[in-house]
Amino acid sequence: MKCFSYNPKYVINLVIYFDHWRLPLRKGVKTMLEIEDLSVEIGDRSILKKLSLHIDEGEVHALLGQNGSGKTTLLMVIMGMPAYKVTNGRIIFQGSDITGKTVDERARMGIGVAFQKPPSVRGIKTSQMVEICMDKKDEKRANEIAGRLNVVDLMDRDVNAGFSGGEAKRSEMLQLLAQNPSFAMFDEPESGVDLDNIALVGSAMNEILEKDRVRMKKAAGLIVTHTGHILDYVNADIGHILMDGTIVCEGNPRDLFDDIRAHGYEGCVECRRC
Amino acid sequence: MSKVLKSRISERREEWRTKAASARDKPAKFGPDIDLTSFTKPSIKDKVKSLGSLSHQIQESALYAGIDANETFRSGSYFQIDHSVVYERVQKAFEGKVEIMSTAEALEKYDWVADLWWKAVPVDQDKYTAQAELDQTHGYFIRIRKGQKVEKPIQACLFLAENNISQNVHNMIIVEDGADAQIITGCTRGQEVEQGMHVGISEFFLGKGSSLMFTMIHNWAERFDVRPRTGVILEEDATYVSNYILLRPVSSIQMYPAAYLNGDNSRVRFNTILSGQKDSYIDVGSKTVLKGENTRAESVARAVAGDRSIIYARGQIIGQSNTGRGHLDCRGILLSEEAEMQAIPELISEKAPRAELSHEAAISPIAEEEVYYLMSRGLSKDEAVSMITRGFLNIDIPGLPPVLKGYIQRTLDAASEEGL
Ligand SMILES: Nc1ncnc2c1ncn2[C@@H]1O[C@H](COP(=O)(O)OP(=O)(O)OP(=O)(O)O)[C@@H](O)[C@H]1O
Ligand SMILES: [Mg+2]
């Protein structure tokens, strides 16, 4: 049982336990994202409750949890979406408190998100979205990425308008590749994507997360996944289970998945008590 | 001109004038009532040899209204400044296919022009039509000859260069049987001109199987009042597409162009793009009468009301034939707490129980979700709103030729750069 209660004392042990093999590489590693005691409401409903999360540069975290547990909410609140009201705690990104910053400020600081259900925007083409994402217009590169993601046909269509599930996901990857954030969040990147395309999505994620750079990599990521399929393509270092608005377990993502497969999320309720 | 024709026209003129005089003080059904007595007479402007020899300022203003002084991409041009026709030319390649002249000239040249005069718009409709008859100051006559396909657009510019004058033009557009053309009309004013009045009568006659795409751009200013009066008569299998674009402030504009689908299988589509800025009072609609069998009407309007603007977006389809079909689609966004919008779709079936008429109208805010989606890619809120607004106004117009497409894009770009 690799499931530990969310007691800070154990968490520290756990991080050391799982990361010991990386320790020689971790010298001088900086914190990418630090979430402290974050509580979030939508309307009057409390969704996240005193949630804490620590992500270092170069790390990729996976976030698991049942439908409605608050995964998307966490991503949206990190991105700064105003519908989500922070009632407690703060979010530190690369050393500065961003809790009060607007969405675009955060985007320009290097935070990016591939949405679970991106909205369609009439009259704005996918190619224009790519253009917005890039620091400066580079049509050649835009087309090159689009080619690789097999979305050339989407470039001239209104973004997300009538896109199939898989097309919308690839269009999100396209935009994030163009945006090149240092901290990238992916909200169920594999849902609705067929097997051939999961590989495409996975390789795009690896590129965004600089997985090819072994030593110098700085980019970090947070991947929300239900099925864990995407983890066959993108390696995650640490996994978390979100339940009732707070992180209840932390551990090796694959072990967490095995556990959930064996015992369901119910297992985590039990483990809360361990 | 023959004596017979001369006397015939003066006879008709008498008739029109009498009718016009009876409507001299008749306010329009919609829009603020304008006092027409206070305008002054402009000076006569000299003819120019080419559009390139117009002043740089005039060329630039005209360009914003779609008029290209470099005529390479046009088949012909008409340019009127205040009350003077300064330029009219058909490019060599289109000679014999297209005719362009002032309507005053056309009335003298062809006897049948008088038969069509005030046929699509009633002379006694209101004080503005009356004024156009009693004090007409030219207007263009464009005729596309039978069977001619004119692939490059024809352009016509109605330009106001002096303050406080009233331009009362009467245009006539004849598209003969089987002919096919595009016309761009730009109505605008010199940069330093602050105030004025534009009355524009436009009568369209589309022959059997003909097709016309008519794109009109209005670029006025805060103290201009504008009253276009348009009627379009379609014969069998004719197609008329109107694109109307208003993206700059105006004091008031009121128009309700009407298309009469008399011929079987004729069709019309009105595309209307309105942006209300500052204190603009905008009352714009489209009216279609489905008379022939299998007639089709479609009207798509997108309106954005900002600042303290007021927009009325009207639409009316009258079904008179059982096989007629029409649809109105009107959507609006209010960008300001002080703006006002009314969407008024009207469907009327006159003894045509099987006609199919429908409409959808909506006034709603910009979706926050879309704004934040764009912001998450790095755009500021203002940039995101302006980009979404621009996208909203960018109607997809089927069959729009690339020249016009590029042109509408540029107009929208320019307007959104100026903070649409
Ligand atoms: N705009 C909203 N108004 C009201 N409740 C909301 C809103 N958005 C989310 N919620 C609620 O917040 C809770 C958490 O939602 P969230 O989308 O974060 O879940 P999730 O873990 O991403 O679920 P899923 O796996 O289905 O994507 C849910 O109960 C949801 O109904
Ligand atoms: Mg979710």
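Residues numbered from 1 in each chain as written. Chains lettered and ligands numbered in written order. Predicted model: local features only at pLDDT ≥ 70, side-chain atom pairs only at ≥ 80, totals over all residues. Heavy atoms only, no water.

### Topic: the site of ligand 1
All names here are of chain A. Neighbouring residues of ligand 1: 14 residues in total, closest Arg 45, Gly 68, Lys 71, Thr 72 and Thr 73. Taking 630 Å² as the accessible area of ligand 1 by itself, protein coverage stands at 65%. Of the residues forming the shell around ligand 1, the biggest block, three residues, is contributed by helix α2 (residues 71-79). (Near = heavy atom within 4 Å. Areas by Shrake-Rupley, 256 points an atom, 1.4 Å probe, with all protein chains shown as cover. Helix = DSSP H or I, 4+ residues; strand = E, 2+ residues; numbered from the N terminus.)

### Some remarks on the environment of His 327 of chain B
Residues and elements named next belong to chain B. Note on placement: His 327 falls in strand β19 (residues 325-334). The sequence separation of His 327 and Arg 269 amounts to 58 residues, and the corresponding C-alpha distance is 9.6 Å. Ignoring anything within four residues of it in the chain, the contact list for His 327 reads Ala 297, Glu 298, Ser 299, Ile 317, Ser 358, His 359 and Glu 360. In this structure the side chain of His 327 is engaged in a polar contact, spanning 2.6 Å, whose partner is the side chain of Ser 358. (Contact = heavy atoms within 4.5 Å. Polar contact = N/O pair within 3.5 Å; in protein donor to acceptor, adjacent residues only side chain to side chain.)

### Here's the deal with the coordination of the magnesium ion (ligand 2)
All names here are of chain A. Looking at the magnesium ion (ligand 2), the protein donor atoms are Thr 72 (OG1) and Gln 116 (OE1), and they sit 1.9 to 2.2 Å from it. Highlighted residues: Thr 72 in helix α2 and Gln 116 in the loop between β6 (111-114) and α4 (126-133), separated in sequence by 44 residues. Judged by relative accessible area, which is 24%, Gln 116 ranks as partly exposed. (Donors = N, O, S within 2.8 Å, 3.2 Å for Na, K, Ca; no water. Buried < 20%, exposed > 50% of the residue type's maximum accessible area, 1.4 Å probe, protein only.)

### A word on the confidence of the model for chain A
Per-residue confidence for chain A gives a mean pLDDT of 87, with 86% of residues at or over 70. For the stretch residues 1-24 of chain A, pLDDT sits under 50, and the model shows 40 contacts to residues farther than four places along the chain or on other chains. (pLDDT = per-residue confidence, 0-100.)

### Here's the deal with the sheet that holds strand β4 (residues 85-93) of chain A
Residue and element names in this part refer to chain A. Judged by pairing direction, the sheet is antiparallel, and its four strands sit side by side in the order β2-β1-β4-β5 without closing on themselves. The sheet terminates laterally at β2 (45-56) and β5 (96-97), the two strands that pair on one side only. Pairing analysis gives seven bridges linking strand β1 (residues 31-42) to β4, with the strands arranged antiparallel. Bridging across to β4, Glu 36 finds its partner in Arg 90. (Pairing = 2+ DSSP bridges.)

### Some details on empty space enclosed by the protein
All names here are of chain B. Tallied over the full model, the rule gives six cavities of 30 Å³ or more. Its boundaries defined by the atoms lining it, the largest cavity holds a volume of some 120 Å³. Forming the boundary of the largest cavity are 15 residues, of which Ser 299, Ala 301, Arg 314, Gly 315 and Cys 330 lie nearest the centre. Of all the secondary structure elements, the ones that give two or more residues to the lining of the largest cavity are β14 (267-276), β17 (296-305), β18 (310-319), β19 and β20 (340-349). Partitioning the lining of the largest cavity into residue classes produces eight nonpolar, five polar and two charged. Of the volumes computed, that of the second largest cavity is approximately 100 Å³. Every residue along the wall of the second largest cavity is listed here: Ser 202, Phe 214, Met 216, Thr 230, Tyr 240, Ser 242, Asn 243, Tyr 244, Met 255, Pro 257 and Phe 270. Ranked by residue count, the leading element in the lining of the second largest cavity is strand β11 (residues 239-246), at four residues. For the lining of the second largest cavity, the residue count by class is seven nonpolar, four polar and no charged. (1 Å grid on protein atoms, 1.4 Å probe; cavity = no way out; pocket = protein on both sides within 12 Å on 5 of 7 lines; lining within 4 Å. Points joined across faces, edges and corners; volume = space filled by probe spheres on them. Nonpolar A, V, L, I, M, F, W, Y, C, P; charged D, E, K, R; others polar.)

### With respect to the interface of chain B and chain A
Taken together, the contact pairs 18 residues of chain B with 28 residues of chain A. Between chain B and chain A, roughly 1,800 Å² of surface is buried when both sides are summed, and carbon and sulfur atoms account for 63% of that area. Here chain B is connected to chain A by one salt bridge. Linking Arg 377 of chain B and Glu 172 of chain A is a salt bridge whose minimum nitrogen-to-oxygen distance equals 2.7 Å. At the junction of chain B with chain A, the criterion picks out eight residue pairs in polar contact (both at pLDDT 80 or more). Elements with a minimum of two residues in the side of chain B that touches chain A: α6 (368-375) and α7 (381-393) of chain B. (Buried area = accessible area lost by both parts, 1.4 Å probe. Salt bridge = Lys/Arg side-chain N within 4 Å of Asp/Glu carboxyl O.)

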